[in-house]
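Inside the fold
The primary structure of each chain is shown beneath.
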Amino acid sequence: MIGLAATRNQILIRNSVSFNILKRHKKKSREPKVTNSQRALEYFDIAYAPVYGTRWPSIRLALLSKPKYMAVLNNFASYDETIERFQNLGAWDIREKYSAIRERMRQRREQSQATSEDRDEDTDETSVRSNSVRPSLVELDDDELAARARLEPEGRYPEEYRLRAAAQNVDATGLEVDLASRVIAPSETGGSSLMMDYVPATRLKGLENWMEEADVFPDASQGDQDIGVTVVKQEEPIDLPKMLKIFAFEKGNISDFPQPRFDPQLRVLDHYAMDGASLLPVLALDVKPGDRVLDMCAAPGGKSLLVLQTLMPGLLVSNDVSEGRVKRIRSILKQFVPKGMSTIENLTVVTQNDGCRLGEAEEYDKILVDVPCLTDRHSLMDDDNSLFKTSRTKERLKLPELQSQLLVSALQALRPGGTVVYSTCTLSPLQNDGVVHLALSRIWQETTIECSVVDMSQAVRPLSFLYRFGGNLGLRYGQLILPSLLSNFGPMYCAKIKRIR
Ligand code: SAM
């Protein structure tokens, strides 16, 4: 009897427990599940809106829209037919545009020099104005275009350019960077307490441990002199290596390139499509004939392939820390370099090393440090593999620490006189200028290496026909390509550092 009563009680208890679980489960399942992409978007809204101001809505929209690609022709395949196909689609050979723009800029520079000499002799302004060459509209940065379109009479701008300007949605008064509202969190991960991420203080309910950025990242307010950095302006426009054959659709044209074709004789693909912004770090690297190049974080291999397509390096080491991703580099190279092409095979080496531990080899002329980062666009598009998964929070918060270690290590592996390009595909100011600043101050404090930052703001201007640059966003060291509906590349940040000693 006792046994039977106990069993009945147990059954009652069990039933009530399972009912409660069921109730909780039902209640839970009614709440909409927050996906990793939604979490990423929420984070970007909080962290980026104060930084990018009135530009944020258009950047956000672009990030959520279909990305744009460029097509890189494979120099190791036959591609004449491919060129014809691309031209028939209305794609531009970017070299032709770039050369024409550079030529116009050169003419304008010469004219303005001549004009200023004239002005010394003749101060009559009307004669000066009649001589001046206006830039072609296609050369203008989108924000410059927007500013001009507001000032000039409507008829001056063709409809297409007025739309381009309107799509930027830029209010000239709304461009200031709200530095005051950025804070980063103190150490939660056991790593450096210096760098977590930018989040506006007003939105940090329940995160009382977060501090003002200035408290935990005091180095950021130091001047460049205080960390031994000189800034050198690159006056000459960035060079587009002769052998790079790249096609793109003009701004506002969102056509796609066709799938790559397999060359049955050489057994390789004729071209590959890439985020057009990936071109910038490779151009910034300025690879010269015979250079020994290290692509420190190379997988899956897009930028390594671009470096290879310049046909410039004497050695290209494509490295990655992850075994699986190193396999991807090998497989990409296989798809584009014909088997047995010994000249290319001999200069290409694929390695699997931790970029933070390369030693002070001083053996490379050029090093690309394309670090793991928040990968903004990817975080919004790929829910499964997202850095915004709660299980990857620590990894995400440790990124700036890892990035600065990789950059320091690159500067140590570089020969004096060589160049490092640091790049990310995030809009995070901390993972961009912030990491460059931290790495350079560590180099200054902990080594005898001397560096200078190359200011590329002038040098990239002729590329405005392709990209929307974040020129006036208070960037200290690098250049930033902002996603835009009209040229939906990036984001891509890129800073160039020269090792002097
Ligand atoms: N440059 C590549 C391209 O254009 O195809 C993309 C590089 S991806 C943004 C960053 C890469 O860094 C990842 O493949 C990741 O495995 C690698 N990585 C992460 N930590 C690293 C480390 N300590 N040393 C070397 N590579 C690392």
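This structure is a prediction, so every number in the text was calculated from the model and none was measured.

1. Brief notes about the site of the ligand
Residues in close proximity to the ligand total 19 residues, the closest being Asp320, Arg325, Asp354, Gly355 and Asp370. Val321 has a polar backbone atom sitting 3.4 Å from a nitrogen atom of the ligand. Taken together, the residues of the shell around the ligand sort by class into nine nonpolar, five polar and five charged.

2. What to know about the packing of helix H16 (residues 399–413) against helix H17 (residues 430–446)
Closest axis-to-axis distance for the H16/H17 pair is 9 Å, and the angle between their directions is 50°. Taken as axis vectors, H16 and H17 run oblique relative to one another. In the packing of H16 onto H17, the handedness of the crossing is right-handed. Of the residues in H17, those in contact with Leu399, Pro400, Glu401, Gln403, Ser404, Gln405, Leu407, Val408 and Leu411 of H16 are Leu430, Gln431, Val435, Val436, Leu438, Ala439, Leu440, Arg442 and Ile443. Considering only residue class, the contact of H16 with H17 consists of twelve nonpolar, four polar and two charged.

3. So, the confidence of the model for the chain
For the chain, the average pLDDT comes to 82, and 73% of its residues sit at 70 or higher. Predicted confidence for residues 1–5 stays below pLDDT 50, and this span has zero contacts to residues more than four positions away or in other chains. Segment residues 124–131 is flagged for pLDDT under 50; beyond a separation of four residues in sequence, or across chains, it makes five contacts in the model.

4. Observations concerning the nonpolar core
If you look at the biggest cluster of nonpolar residues, it comprises 55 residues, and the most contacted ones within it are Ile238, Leu279, Leu306, Leu463 and Tyr467. In terms of residues, this core owes the most to one element, helix H10 (residues 279–285), which gives six residues. In contact with Leu306, not counting residues within four places along its chain, are Val72, Leu244, Ile246, Tyr272, Met274, Ser278, Leu279 and Val282. Of all hydrophobic cores here, the second largest spans 53 residues; its members include Ile227, Val229, Leu414 and Tyr493.

5. Section: the pairing of strand E12 (residues 315–319)
Taking burial as the measure, the five residues of E12 include five buried ones, the bulk of the element. The side-chain alternation of E12 yields two buried faces, one formed by Leu315, Val317 and Asn319 and the other by Leu316 and Ser318. In this sheet, E12 lies alongside strand E11 (residues 292–295) in parallel orientation, the contact comprising four bridges. Bridge pairing in E12 places Arg292 opposite Leu315. The parallel pair E11 and E12, bridged by helix H11 (residues 302–309), forms a crossover whose chirality is right-handed.

6. Comments concerning the packing of aromatic side chains
The tally for this structure, following the rule as stated, stands at 14 aromatic pairs. Between Phe44 and Tyr48, the aromatic rings sit 5.0 Å apart at their centres with planes inclined by 5°, giving stacked as the arrangement. Here Phe44 pairs with Tyr48, and both are found in helix H2 (residues 36–52), just four residues apart, close to one helical turn. When its relative accessible area of 1% is taken as the criterion, Tyr48 is described as buried. A network of ring pairs unites the aromatic residues Tyr43, Phe44, Tyr48, Tyr52, Trp56 and Phe388 as a single cluster. Above the ring of Trp92, the side-chain terminus of Lys97 is found at 4.4 Å from the ring centroid.

7. Structural notes on the pattern of salt bridges
Evaluated as defined, the whole model comprises 19 salt bridges. Between Asp291 and Lys366 there is a salt bridge, and its shortest N-O distance comes to 2.7 Å. Within this pair, whereas Asp291 is found in the loop between H10 and E11, its partner Lys366 is found in strand E14 (residues 364–370), the two being separated by 75 residues in sequence. The shortest N-O distance in the salt bridge between Asp365 and Arg415 comes to 2.4 Å. Pair noted here: Asp365 is in strand E14 and Arg415 is in strand E15 (residues 414–424), with a separation of 50 residues, a long-range link. Exposure remark for Asp365: the relative accessible area of 11% places this residue in the buried category. A cluster of three or more residues bridged by salt bridges with shared partners is formed by Glu103, Arg106 and Glu110.

8. Some remarks on helix H12 (residues 323–336)
Each α-helix turn comprises 3.6 residues. Residues three or four places apart therefore point the same way. Compared with an ideal rise of 1.5 Å per residue, which puts 14 residues at 20 Å, H12 spans 21 Å between its outermost C-alpha atoms and is within 8% of the ideal. Within H12, the full set of buried residues consists of Val326, Ile329, Leu333 and Phe336. Buried residues of H12, seen end-on, are gathered within an arc of 95° and therefore sit on one face of the element. Along H12, the residues that are exposed and aim more than 90 degrees away from the buried face are Glu323, Lys327 and Lys334.

9. Topic: the sheet that holds strand E10 (residues 271–275)
With antiparallel pairing, four strands are arranged side by side in an open sheet as E2-E7-E1-E10. For this open sheet the edge positions go to strand E2 (92–93) and E10, each flanked by a neighbour on one side alone. As paired elements, E2 and strand E7 (residues 246–248) share two bridges and run antiparallel to each other. Among the inter-strand pairings, Asp93 is bridged to a residue of E7, identified as Phe247. Against the sheet, helix H4 (residues 80–89) makes contact with strand E1 (69–73), E7 and E10, and its axis sits at roughly 155° relative to E1, the strand it touches most.

10. Re the side chain of Thr82
Relative to the helices and strands, Thr82 is located in helix H4. A distance of 2.8 Å separates a polar atom in the side chain of Thr82 from a polar atom in the side chain of Asp270. Setting aside its immediate chain neighbours within four residues, Thr82 contacts Leu73, Asp270 and His271.

Thresholds applied
- Residues numbered from 1 in each chain as written.
- Predicted model: local features only at pLDDT ≥ 70, side-chain atom pairs only at ≥ 80, totals over all residues.
- Heavy atoms only, no water.
- Near = heavy atom within 4 Å.
- Polar contact = N/O pair within 3.5 Å; in protein donor to acceptor, adjacent residues only side chain to side chain.
- Nonpolar A, V, L, I, M, F, W, Y, C, P; charged D, E, K, R; others polar.
- Axes fitted to C-alpha atoms, helices over the stretch in contact; angles between N-to-C directions.
- Helix = DSSP H or I, 4+ residues; strand = E, 2+ residues; numbered from the N terminus.
- Parallel < 35°, antiparallel > 145°, perpendicular 65-115°, else oblique.
- Left-handed = near helix turned anticlockwise from the far one by under 90°.
- Contact = heavy atoms within 4.5 Å.
- pLDDT = per-residue confidence, 0-100.
- Core = buried A, V, L, I, M, F, W, Y, C linked by side-chain atoms within 4.5 Å.
- Buried < 20%, exposed > 50% of the residue type's maximum accessible area, 1.4 Å probe, protein only.
- Pairing = 2+ DSSP bridges.
- Right-handed = clockwise from strand over helix to strand, strands pointing away.
- Phe/Tyr/Trp six-rings, centres within 6.5 Å; stacked < 30°, edge-to-face > 60°.
- Lys NZ or Arg CZ within 6 Å of the ring centre and 35° of its normal.
- Salt bridge = Lys/Arg side-chain N within 4 Å of Asp/Glu carboxyl O.
- Expected span 1.5 Å × (residues − 1).
- Arc of directions from axis to C-beta.

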